[in-house]
Amino acid sequence: MKPGTLTVNPDTPEAYTVDLVEGEVLQIGRKPAKDGLKKLVLPYPEVSGQHAEIRCKGDGWFVLDSGSTNGSTLNGVRLTPGREYHVSPGDRIKIAQYELAVFPPASQEPYHDDDIEDSQDRTQFRIQMMNATILVGDIKGFTSLMEQHARQPEVVMQAAQKVFDTLNEEINRNYGQLEKIAGDAIMAYWQGNDAKTGGGLSACQACYTALKLKALTNKLAGDRRAWPFLYHPLMIDMALATGPVASGKLGSSVSNPALLGDTANLVFRLEKLIGDDRPGDIVVESATYELAKSNFKFEPLGQFNVKGRQKQVDVYRLLAPLA
């Protein structure tokens, strides 16, 4: 029997193809396989160590998400972790920024998966509004570091993953939820629908966590096992913003939702305001400041023009908890 193929990033100059035959299982993830198993290694932080599998069976090929942090999609529909989905020739699997085109060896009749079709129908009902404090952190000077390691980018990506894995553990300890890791950035949130405090508890939890992450980053910067780049100090710029966001889940996914809306856009733009003269700063806008000012020390930085906002935005630097 002729092998089937899986093409990574088709329609691009960097495309390459993996041959697969009946009976094989192709693991997909950030870390190399153990015990000689066949594995497609995708060395980027938003790809989990063991992210997904392609199972080549006698009755067809199937894709399975292995409980990854950031999820996988099949033809735009997010997969439920642990469940097998039949794939047909030409189907597209999306894992982080990677697209995988699958071509099983034998032509098959169109396969209808009722669960996938149902999840597409239910998508509109899985978008909900919530109040949240969002945190975004970005490794300073990451692009230049990648350029210096252009021949071995995986060295940089693996170090970034170690850093973000450690930061995510701290986020979880402080009641936050990871939204995504994307290259050199991490995004998390604290849901703020606490009626008694009007969102103040979540804003304070986010501020407290940001300060913990800053201290943790400083510790990691001195650990050569975590950050081996002596000539490039590890610093992470962070921004926080509080407000309404649209929380979107596709189908029956149990993965963390995507956060959409003005507050999510604002927090990314706030982080970009941190200049090279203040690496590792933590900045917040007025809503977060008002909710947390009784518990934390802030320094006003002034008003700034922010894309998408008609009025200037008041920006503050988060310094420390109040005694």
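Structure: see above.
Residues numbered from 1 in each chain as written. Predicted model: local features only at pLDDT ≥ 70, side-chain atom pairs only at ≥ 80, totals over all residues. Heavy atoms only, no water.

Draft legend 1. The arrangement of the pairing of strand β3 (residues 25–29) in detail. With four of five residues buried, β3 is to be regarded as a mostly interior element. One ladder, built from four bridges, connects β3 with strand β5 (residues 52–57); its direction is antiparallel. Among the inter-strand pairings, L26 is bridged to a residue of β5, identified as I54. Of the strand pairs in this sheet, β3 and strand β4 (residues 39–41) are connected by three bridges, and their pairing is parallel. By the bridge assignment for β4, Q27 is matched with K39. (Buried < 20%, exposed > 50% of the residue type's maximum accessible area, 1.4 Å probe, protein only. Helix = DSSP H or I, 4+ residues; strand = E, 2+ residues; numbered from the N terminus. Pairing = 2+ DSSP bridges.)

Draft legend 2. Broad picture of the nonpolar core. Core analysis: the biggest nonpolar cluster contains 42 residues, and L167 and F298 have the highest contact counts within it. Looking at this core, the element that brings in the most residues is helix α4 (residues 200–221), giving nine residues. Residues within four places of L167 in sequence aside, it is in contact with I186, L213, L216, T217, L220 and I236. Core analysis: the next-biggest nonpolar cluster, separate from the first, contains 23 residues, L26, I28, W61 and V87 among them. (Core = buried A, V, L, I, M, F, W, Y, C linked by side-chain atoms within 4.5 Å. Contact = heavy atoms within 4.5 Å.)

Draft legend 3. Layout of the environment of L74. Within the secondary structure, L74 sits in strand β7 (residues 73–74). L74 gets classed as buried once you look at its relative accessible area, which sits at 3%. Placed 12 residues apart in sequence, L74 and H86 show a C-alpha to C-alpha distance of 9.6 Å.

Draft legend 4. Geometry of the sheet that holds strand β8 (residues 77–78). Read across the open sheet, the six strands follow the order β2-β1-β11-β10-β7-β8; overall the sheet is antiparallel. A strand with exactly one partner marks an edge of an open sheet, and here the two such strands are β2 (16–20) and β8. Strand direction decides the pairing type here: strand β1 (residues 4–8) and β2, joined by five bridges, are antiparallel. When the bridges of β2 are listed, T7 appears paired with T17.

Draft legend 5. Representation of the environment of D223 in the model. Summarising the element assignment, D223 is placed in the loop between α4 and β15 (236–248). Within polar-contact distance, the side chain of D223 engages the backbone nitrogen of R225 at 3.0 Å. (Polar contact = N/O pair within 3.5 Å; in protein donor to acceptor, adjacent residues only side chain to side chain.)

Draft legend 6. Quick look at the pattern of salt bridges. Tallied over the full model, the rule gives 17 salt bridges. The salt bridge partner of E99 is R92, with a shortest N-O separation of 2.9 Å. Note on E99: relative accessible area 27%, which makes it partly exposed. Judged by its relative accessible area of 27%, R92 falls in the partly exposed class. Of the charged contacts, one joins R317 and D281 as a salt bridge, the two residues approaching to 2.7 Å between their closest N and O atoms. Taken together, the positions of R317 in strand β19 (residues 313–321) and D281 in the loop between α5 (262–271) and β17 (282–285) put the pair 36 residues apart, joining distant regions of the chain. R317 gets classed as buried once you look at its relative accessible area, which sits at 8%. (Salt bridge = Lys/Arg side-chain N within 4 Å of Asp/Glu carboxyl O.)

Draft legend 7. Expanded view of the packing of aromatic side chains. Summed over all chains, the structure comprises five aromatic pairs. When the ring of Y289 is compared with that of F298, the centres are 5.2 Å apart and the planes differ by 80°; the resulting orientation is edge-to-face. The class of F298 is buried, set by a relative accessible area of 12%. Within the aromatic cluster, the residues linked to one another by ring pairs are W227, F229 and Y231. In this structure, K57 packs its charged tip against the face of F62, placed 5.3 Å from the ring centre. (Phe/Tyr/Trp six-rings, centres within 6.5 Å; stacked < 30°, edge-to-face > 60°. Lys NZ or Arg CZ within 6 Å of the ring centre and 35° of its normal.)

Draft legend 8. Looking closely at the packing of helix α3 (residues 153–173) against α4. Look at α3 against α4: their axes get within 10 Å of each other, and the N-to-C directions meet at 145°. The two elements α3 and α4 cross, and the hand of that crossing is right-handed. When α3 is examined against α4, the residues V163, T166, L167, E170 and I171 are found in contact with a partner set consisting of T209, K212, L213, L216, T217 and L220. Here the contact of α3 with α4 is composed, by residue class, of six nonpolar, three polar and two charged. (Axes fitted to C-alpha atoms, helices over the stretch in contact; angles between N-to-C directions. Left-handed = near helix turned anticlockwise from the far one by under 90°. Nonpolar A, V, L, I, M, F, W, Y, C, P; charged D, E, K, R; others polar.)

Draft legend 9. Layout of the sheet that holds β5. Here we have five strands laid out as an open sheet, ordered β4-β3-β5-β6-β9, and mixed in their pairing. A strand with exactly one partner marks an edge of an open sheet, and here the two such strands are β4 and β9 (84–87). Neighbouring strand axes in the sheet, compared pairwise and without regard to direction, differ in orientation by 25° on average. Relative to β9, strand β6 (residues 60–65) runs antiparallel, the two being bridged by four bridges. Bridge pairing in β9 links L64 to E84.

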